[in-house]
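# A look at the structure
This is what each chain is made of:
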Amino acid sequence: MKRIAILGSTGSIGRQTLEVVSIFPHLFQVVAIAGGKRLDLLVEQAREFSPKKVAVTGEEEAKWLKEHLKGPEILWGEEGLNEILEGIDLLVLALSGSVGFLPVLKAIEKGIEIALATKEVLVMGGEIITQRAKKKGVRLIPIDSEHSALFQLLEGRKKEEVESLILTASGGPFYGMKDEFVKKVTPEEALRHPVWKMGPKVSVDSATMMNKALEIIEAHWLFDIPTEKIKVFIHPQGIVHGMILLMDGSLLAYMAQPDMRIPIGYALSYPERLNLPFKRLKTQDLLGLTFEEADSEKIPALKLGFWALEVGGTMPTVLNAANEVAVRAFLEGRIKFTEIVPLVREVMQEHKPFLIKDVEDILSVHRWAQQLTWRKIERC
Ligand code: MG
């Protein structure tokens, strides 16, 4: 039995993780779950999976939970997080955004294997996370579909054999559309992705293509591959999730239905594979697959991603923080869809990047970028 804890159990990835777990009750035991604001759902999940611990962010929520949920220990705050990491074999990190940064470091410190869905933490401080994980011998298993694909393709292979890593991108709902149309995009429209069902942050990121910017940085840190070897292909059908080109000219591709439960299943069971009862690819799914190399000159968000990675140091931290704030402001109706990426660029331009020495460097640059982005939004 693998004992798991899920941080962010009420979000899209968290819910799908529980769905996979529920198919294999003899393999996985949910020891702890933690959620944010959807307390009703958290109670429902606790009743179904009987975790020993349930954690929330604040004391108020913990109070409410204590009244509505009998059985599990109710925890909150940093102490709650510490408690959740006790007595588990695997942490599923499925929080939305940079709030997952400190929990990841804590899990690494405790030597706990991590199934990682929260790509933002690697953009924010990938260098420190991967260094510490390596030192502690902690495995980071990606849940992000492209990275799960690449992880599987790269397994057992020497790094020197790899000529390039190719991440695919669907292009999001507005790819190739005219500017006049995209300017008027509402949060609701941005949340409707043609291929994937996802949470709000990643849906907006997919629509701006910032998601792919975050993902190239994520890939760089996860697989220790230099920037110039990372490529992005536009592949609207979302069947091929990743490819690697090897030095003998072989191009290996990973294909699967665009269904997050597949990479989640692999991250949960790694290195074993689960007999998942979900839809298989059929020959008709393979008809008319198209690929086009993404031109980062024409995709502003992607250009920022490569730029941040080339500059290095604290620049990716700034990209991530500014983007988080801009996406939130867009979802709150405070800025236009087409203002998200230029806002991130402006904040990056005002940043004087430096090499990261410790966690405090990351946290302070993160705060600086958040504040500057909010100030710019207020001036809009
Ligand atoms: Mg992805």
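Residues numbered from 1 in each chain as written. Predicted model: local features only at pLDDT ≥ 70, side-chain atom pairs only at ≥ 80, totals over all residues. Heavy atoms only, no water.

## Remarks on the pattern of salt bridges
- All chains considered together, the criterion is met by 20 salt bridges.
- For Lys106, the salt bridge identified is with Glu78, shortest N-O distance 3.0 Å. On the criterion of sequence distance, the pair formed by Lys106 in helix H5 (residues 101–109) and Glu78 in helix H4 (residues 77–84) is long-range, its members being 28 residues apart.
- Overall, Lys106 belongs to the buried group, its relative accessible area being 17%. (Salt bridge = Lys/Arg side-chain N within 4 Å of Asp/Glu carboxyl O. Helix = DSSP H or I, 4+ residues; strand = E, 2+ residues; numbered from the N terminus. Buried < 20%, exposed > 50% of the residue type's maximum accessible area, 1.4 Å probe, protein only.)

## Re the packing of aromatic side chains
- Per the stated rule, a full pass over the model turns up 5 aromatic pairs.
- Residues Phe174 and Phe337 carry aromatic rings whose centres are separated by 5.3 Å and whose planes lie at 80 degrees to one another, so their mutual orientation is edge-to-face. Here Phe337 lies in the loop between helix H14 (315–331) and helix H15 (340–349) and Phe174 lies in the loop between strand S8 (162–169) and helix H8 (179–183), a separation of 163 residues in the sequence. The residues Phe174 and Phe337 share a single accessibility class, namely buried.
- Through a chain of ring-to-ring contacts, the aromatic side chains of Phe174, Phe181, Phe330 and Phe337 assemble into a single cluster.
- Over the ring of Phe278 we find Arg261; its NZ or CZ atom is 3.7 Å from the centre of that ring. (Phe/Tyr/Trp six-rings, centres within 6.5 Å; stacked < 30°, edge-to-face > 60°. Lys NZ or Arg CZ within 6 Å of the ring centre and 35° of its normal.)

## Comments concerning the coordination of the magnesium ion
- For the magnesium ion, the protein coordination sphere consists of Asp144 (OD), Glu146 (OE) and Glu215 (OE), at 2.0 to 2.1 Å.
- In the primary sequence, the donor residues of the magnesium ion line up as D-x1-E-x68-E. Placement of the pair is Asp144 in the loop between strand S7 (140–142) and helix H7 (145–154) and Glu215 in helix H11 (residues 210–223), with a sequence separation of 71 residues. Across this residue pair, the class does not change: Asp144 and Glu215 are buried. (Donors = N, O, S within 2.8 Å, 3.2 Å for Na, K, Ca; no water.)

## Details of the sheet that holds strand S10 (residues 240–246)
- As summarised here, the arrangement of the 5 strands in space is S11-S10-S8-S9-S12, forming an open sheet in which the pairing is mixed. Of all the strands in the sheet, just strand S11 (251–255) and strand S12 (292–293) have a single pairing partner and so form its edges.
- Inspection of the sheet shows S10 paired to S11 by 5 bridges, in the antiparallel sense. Bridged to Ile244 within S11 is Leu252. (Pairing = 2+ DSSP bridges.)

## Let's talk about H14
- Taking 1.5 Å of rise per residue, 17 residues should cover 24 Å, and H14 covers 24 Å from first to last C-alpha, within 8% of that figure.
- The buried count for H14 comes to 15 of 17 residues, which makes it a mostly enclosed element.
- Looking at the residues trailing H14, positive phi occurs at Gly333, about 75 degrees. (Expected span 1.5 Å × (residues − 1).)

Such coordinate-based values are descriptive only and should not be taken to indicate function.
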